[in-house]
Amino acid sequence: MQNHPSYPVLSQLLAKYPATGGALFQVYNDLTLAQRWTEVEVLDLPACKRAAIKGQRPTPDTDRGPSICVVVPCSLSESISTSWLRAAFTSLDPLPSEIYVAITSEDTSTVYYKISQGVVKPPV
């Protein structure tokens, strides 16, 4: 991992949160290399004992342009709760209306779940 080009960007938070380092490394590389996010920054979420990733996600709709999103990585083996999700939201400034939880597995699969605050009616 130390020889990977993304390591210098992540090294401080990988050392601070070693238990969640694998998920952070995997999701960061997926977003920057595979999904081609731009203006990516890594955020410290001490209340959740992990890092989050904020960046501009490219959209196929050229009229709208890229959208800014926040992703909180975790592994499939972790247990998360509503209080953990609340802590993730309140740790971010400005407070987003939604975040994505990226759940990683040992086979390098990553699934992204969109989480909104409160009860949100799905689009029709």
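- As annotated in an unreviewed UniProt entry, the chain carries the name tRNA intron endonuclease and comes from Suillus placidus.
- A UniProt comment under Sequence similarities (unreviewed entry) is attached to the chain, and it reads "Belongs to the SEN15 family."

1. Description of the overall build of the chain
Consideration 1: Summing up its helical and strand segments, the chain has three helices and five strands in all.
Consideration 2: Reading the secondary structure of the chain in the N-to-C direction produces α-α-β-β-β-α-β-β.
Consideration 3: The globule rule puts the C-alpha radius of gyration for 124 residues at 14 Å, and the 14 Å found for the chain is close to it.
Consideration 4: For the chain, the spread of C-alpha atoms along the three principal axes comes to 45 × 35 × 30 Å.
Consideration 5: Counting only residues that meet the buried cut, the chain has 40% of its 124 residues in that class.
Consideration 6: Looking at the chain, you have 10 positive and 11 negative side-chain charges, and the mean spots of the two groups are 6 Å apart.

2. Remarks on the state of the cysteines
Consideration 1: Tallying each qualifying case throughout the model produces zero disulfides.
Consideration 2: Cysteine C48 remains unbridged, with the sulfur of C74 as its closest cysteine sulfur at 10 Å.
Consideration 3: Using a relative accessible area of 5% as the deciding quantity, one classes C48 as buried.
Consideration 4: Take C69: it sits in no disulfide, and the sulfur closest to it among the cysteines is that of C74, at 17 Å.

3. Examining helix α1 (residues 7-16)
Consideration 1: Within the span of α1, buried status applies to L10, L13 and L14. Taken around the axis of α1, the buried residues stretch over an arc of 110 degrees, which confines them to a single face. Away from the buried face of α1 by more than 90 degrees, exposed residues P8, Q12 and A15 are located.
Consideration 2: Looking at the packing, one finds that the buried side of α1 touches α2 (21-34), β1 (38-45) and β2 (50-57).

4. A short note on unusual backbone geometry
Consideration 1: The step from D93 to P94 runs through a cis peptide bond, and the omega angle for that step is 0 degrees.
Consideration 2: Of note in this structure, R36 is not a glycine but carries a positive phi near 60 degrees.
Consideration 3: Mapped onto the fold, R36 is located in the loop between α2 and β1.
Consideration 4: Overall, R36 belongs to the exposed group, its relative accessible area being 60%.
Consideration 5: In this structure, K49 is a non-glycine residue whose phi angle is positive, near 55 degrees.
Consideration 6: With respect to the helices, strands and loops of the structure, K49 is situated in the loop between β1 and β2.
Consideration 7: Its relative accessible area of 60% is what places K49 among the exposed residues.

Analysis parameters
- The numbering scheme is per chain: residues are counted from 1 as the chain's sequence reads.
- The model is predicted, so local features are restricted to residues of pLDDT at least 70 and side-chain atom pairs to those at 80 or more, both for listing and for counting; the totals for chains, interfaces and linings are taken over all residues.
- To get the side-chain values, all heavy atoms of the structure are used, and hydrogens and water are removed first.
- UniProt positions are given in the numbering used here, feature names are shortened, and annotations may be inferred rather than shown by experiment.
- In this description a helix means any DSSP run of H or I spanning at least four residues, a strand means any run of E spanning at least two, and both kinds are numbered starting from the N terminus.
- Only C-alpha atoms enter the radius of gyration; for comparison, a globular chain is expected to reach 2.2 Å times N to the power 0.38, where N is the number of residues.
- For the exposure calls, accessible area comes from a 1.4 Å probe over protein chains only, and a residue counts as buried if that area is under 20% of its type's maximum, exposed if over 50%, partly exposed in between.
- The charge count treats Lys and Arg as positive and Asp and Glu as negative. His and the chain ends do not count.
- Where a charge lies is defined by one atom per residue type: Lys uses NZ, Arg uses CZ, Asp uses CG and Glu uses CD.
- A pair of sulfur atoms, both from cysteines and within 2.5 Å, is called a disulfide here.
- For this quantity, the arc is that covered by the directions from the helix axis to the C-beta atoms.
- Any two residues whose heavy atoms approach within 4.5 Å are treated as being in contact.

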